[in-house]
Amino acid sequence: MSDEQQQTPAATPPAPPAGPQPETIPFFGTTWVEHDGGYAVRRAAAGVGSLVTAFAAAYLLRLAYEGLEIGDVGPFLSISVVVLFAIASAIAFLKTWESFGRRPAPSSDEASLKGLKMIGFIGSLIAYFLRCFSEAPGERLRRAEYERAVAEYERRRRSRTGNPAARRPKRKK
C-alpha cells in the first residue's frame, strides 16, 4: 500500500476546557486574561486608533460647521449645532465610561440614549482612548465576573469530590 492510499484517522476536535470561559473583548479577544498575545500592543493600538478617529471625526464636524457658515443659516442654528454636539459628546462620554464598570440593566435608559450616543460619538471615542491608558476597555468588569465564576466553579467542584456512597448519612435531629 502506498502513502497516498493510507488513510489517516479523522482528527477529533479537542474537548472544550472545563469550567467558565473568559468573555472576549473587541480588539483584545481573551488576551486580557493573562496579558499575553500582544496585549500591550493591542491596547496601545486601540488607544491611538480611537484618538485618531476622534480627531478625524472632529475635523469632519468642522467641515460641516463651515458648510453651515457658507450656507449663511444664521448664528442661532450655527450655535445650536455646536451646543448639540457638545452636549451629546459629553453624555456619550459619561455613558461609555460608566459602561466600562458595570453592565446596564435590561430596562435601563441605554436603548433610548443610543441615538444620542451616535451623535456624540466623539465622546465615546475619547472615553475609549482614556480607558486604554489603564486597561482594555471593560477589562476590570469582565475580570471580576470571570474570577467570580471561576471561584464559584471551584467551590462547586470541591464539594463534589469523593464517593457519595461512602459518605456518612446525615443525622436526624
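A quick note: this is a predicted structure, and the numbers were derived from the prediction, not measured.

About the criteria used
Residues numbered from 1 in each chain as written. Predicted model: local features only at pLDDT ≥ 70, side-chain atom pairs only at ≥ 80, totals over all residues. Heavy atoms only, no water. Salt bridge = Lys/Arg side-chain N within 4 Å of Asp/Glu carboxyl O. Helix = DSSP H or I, 4+ residues; strand = E, 2+ residues; numbered from the N terminus. Buried < 20%, exposed > 50% of the residue type's maximum accessible area, 1.4 Å probe, protein only. pLDDT = per-residue confidence, 0-100.

J.: Help me out: how do you make sense of the pattern of salt bridges in this one?
T.: Close approach of charged atoms lets side chains of opposite charge pair. One pass over the full model with this rule turns up 9 salt bridges. Between Glu98 and Lys95 there is a salt bridge, with the nearest N and O atoms lying 3.8 Å from each other. Highlighted residues: Glu98 and Lys95, both in helix H2 (residues 75–99), separated by 3 residues, approximately one helical turn. Since its relative accessible area comes to 17%, Lys95 is described here as buried. A salt bridge links Arg102 to Glu98, with the nearest nitrogen and oxygen atoms 3.2 Å apart. Exposure remark for Glu98: the relative accessible area of 35% places this residue in the partly exposed category.

J.: Looking at this structure, how should I read the confidence of the model for the chain?
T.: Mean pLDDT over the chain: 82, with 83% of residues reaching 70 or higher. Confidence, expressed as mean pLDDT per element, reaches its minimum in the chain at helix H3 (residues 114–119) with 84 and its maximum at helix H4 (residues 121–131) with 92.

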